[in-house]
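# Descriptive structure summary
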Amino acid sequence: MPWMKAARVIIEFEDGSTAENDFENLPSQLQSELMRQPFASQTCTDSKKGKFLFLEWKDGWKETIQVDPTCSEINRYYVISRVEDAGRLSINKEDGYPELIEITRKPMELKRIHFSDTFSTSLEKSDREGKKTDHFFKLSKEGNMAADILAAFKQACTDTGIDAGTIGIANSTESKKLHETLRTKMDLKAGLRVQDVYDFIVELAQTVK
Amino acid sequence: MIIEAKWCGFDYGQCIMEPGGLRNPLLYGDIYKILGKPELIPDKIKKYRVLKEKYGSYGSIKEGHRDEIYSYVLDDDPAAIELFAAKEQELLDMGEGMEDALKFLQEQCIELQVVSEMKKTLGPVGTDIVSRFLKNRGLTKYFKELVTPQGKISLIDDSVDPKYKGHTKKTGTLYDVLAEELLERGIKPSEAVMIGDKPATDINPAHERGFKTIKYTGFIDLGESKADVEISHFSELTQIIKFKKD
């Protein structure tokens, strides 16, 4: 980390409660992301800590990047060119600006989507524009994923001996354990953050109640 | 060109097995989503890429520094290590047209062997990445043995014939031992074909010892070689190789 070292991170929620952790316990990518935010930028007073990289492009564009002070010499430079598939799931929102969810895991193989209703996907058409191809999928109402998930949740509760009525009541550490046990049993993964699955499990428990 | 042969040796990496499907976002994405820690995915991918910069290529990491994947990237987490091994296997592809070509060669009564520069294994022989790939993909119906610097490994009972131990493809001594063994079975080096992508290990040392050689460029073209023939798709083998009758 090239910048002035951060010690702790404290998050204050809208209800006034807080969560905190040593900064070093955060994933290193997140540490970098936080420290590059303007609010977290502090001038480093120790000039020995500053090591900088300068870049210049053919079109005259120039950039500088501060690097770790222990960096010694350039290893190599290379470029990877690769065709990537990126799925974009667009969901209409009240304010007129759709929520855009990026699907990075095998986007061409997405089989079903559930949001209010369950839809199966099938490739409808592929439009090529230069080096880019847009593959459009037809969404057809089919089956009921919600019922499948609820059944899986009930089965997981039975198999693990967890009373759905206790979910969301236990204290934070205990409930996380319960949620994780059920998550694993249901073979359900979080796309972005594991808390999303835990919140979903609480909702399933309330449906059962 | 038609090559008449009684024996065919195949390289493993980037030949029988193509690592194109083994993408970091998919590999680490799946591992850490299963573990309930999706927040760690970008960090793990970055660490793996840092390791690549340290050793030059993902192949080099896996061949000689696999333990560092476990310690540096996976934090020695046993569950993550187990998932890494499983997912790595799942995401590897087979060379295009490989299975049809193997079927054709077997029907021609041509002997088939895997000849791999597997310098070291982690864990017991038979559970190494090459053996597991061949077993998982049902390729043991074509290949019964794996010739490596670790010895000749039986894919049937995991026994190891130490004859090849310490001999490598790069130095060529592995081909010397192979040539001797084939001769004992009445097969001359000129009746044996080695197929692979790496000139330095699969093609040139084998060619210098009288083997016929075919360079496969379907995954990567590693430049000039002494190969007798070049192919970009394994289906071409059905047009090139014929069984050598006595």
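Everything below is about the structure printed above this text.
Overview of the structure. Owing to the predicted nature of the structure, the values given are computational and were not obtained by experimental measurement.

### Brief notes about unusual backbone geometry
All names here are of chain A. The phi torsion at S116 lies on the positive side, around 70 degrees, for a residue other than glycine. Mapped onto the fold, S116 is located in the loop between β7 (112-115) and β8 (117-129). Relative accessible area serves as the criterion here: at 65%, S116 is assigned to the exposed category. For D187, which is not glycine, the phi dihedral falls at a positive 55 degrees. When you line up the elements, D187 lands in the loop between α3 (172-186) and α4 (194-208). What makes D187 exposed here is its relative accessible area of 54%.

### Looking at the interface of chain A and chain B
Contacts between chain A and chain B engage 20 residues on the former and 18 residues on the latter. Of the roughly 1,600 Å² buried at the junction of chain A and chain B (both faces included), carbon and sulfur atoms supply 43%. If you sort the residues of chain A by the area they bury against chain B, Q29, R76 and R105 of chain A come out on top, with a joint share of 29%. Our count for the contact surface shared by chain A and chain B stands at three salt bridges. E53 of chain B is paired through a salt bridge with R76 of chain A; the nearest N and O atoms lie 2.8 Å apart. Counting every contact that joins chain A to chain B gives 12 residue pairs in polar contact (both at pLDDT 80 or more). Among the secondary structure elements, those contributing two or more residues to the side of chain A that touches chain B are α1 (28-35), α3 and α4 of chain A. Classifying every residue of the side of chain A that touches chain B by side-chain character gives six nonpolar, five polar and nine charged.

### Some remarks on helix α9 (residues 199-208) of chain B
Residues and elements named next belong to chain B. Where burial is concerned, most of α9 is hidden: seven out of the 10 residues are buried. Among all positions of α9, only P199, T201, D202, I203, N204, P205 and A206 are buried. Residues of α9 that are buried make contact with α8 (173-184), β9 (192-196) and β10 (212-216). Phi for G210, located one or two positions after α9, is positive at around 90 degrees.

### Section: the pairing of strand β7 (residues 151-154) of chain B
Residue and element names in this part refer to chain B. Here four bridges tie strand β6 (residues 145-148) to β7, and the two strands are oriented antiparallel to one another. Across the sheet, E145 pairs through a bridge with S154, a residue of β7. The antiparallel pairing of β6 with β7 creates a hairpin that spans two residues between the two strands. Bridging between β7 and strand β8 (residues 160-161) involves two bridges; their strand directions are antiparallel.

### Side note on the state of the cysteines
Residue and element names in this part refer to chain B. Throughout the structure, instances matching the rule amount to zero disulfides over all chains. Here C109 is not disulfide-linked; the sulfur of C8 is the nearest cysteine sulfur, at 13 Å. On the basis of relative accessible area, C109 is assigned to the exposed category, the value being 58%.

### Details of the packing of helix α2 (residues 41-55) of chain B against helix α4 (residues 66-73) of chain B
All names here are of chain B. The interhelical angle for the contact between α2 and α4, taken along N-to-C directions, is 140 degrees, at an axis separation of 10 Å. When the interaxial angle is binned, α2 and α4 end up oblique. Note that α2 runs across α4; the crossing there is right-handed. Of the residues in α4, those touching α2 at K44, K47, Y48, V50, L51, K54 and Y55 are E68, I69, Y72 and V73.

Rules and cut-offs
Residues numbered from 1 in each chain as written. Chains lettered and ligands numbered in written order. Predicted model: local features only at pLDDT ≥ 70, side-chain atom pairs only at ≥ 80, totals over all residues. Heavy atoms only, no water. Helix = DSSP H or I, 4+ residues; strand = E, 2+ residues; numbered from the N terminus. Buried < 20%, exposed > 50% of the residue type's maximum accessible area, 1.4 Å probe, protein only. Contact = heavy atoms within 4.5 Å. Buried area = accessible area lost by both parts, 1.4 Å probe. Salt bridge = Lys/Arg side-chain N within 4 Å of Asp/Glu carboxyl O. Polar contact = N/O pair within 3.5 Å; in protein donor to acceptor, adjacent residues only side chain to side chain. Nonpolar A, V, L, I, M, F, W, Y, C, P; charged D, E, K, R; others polar. Pairing = 2+ DSSP bridges. Disulfide = S-S within 2.5 Å. Axes fitted to C-alpha atoms, helices over the stretch in contact; angles between N-to-C directions. Parallel < 35°, antiparallel > 145°, perpendicular 65-115°, else oblique. Left-handed = near helix turned anticlockwise from the far one by under 90°.

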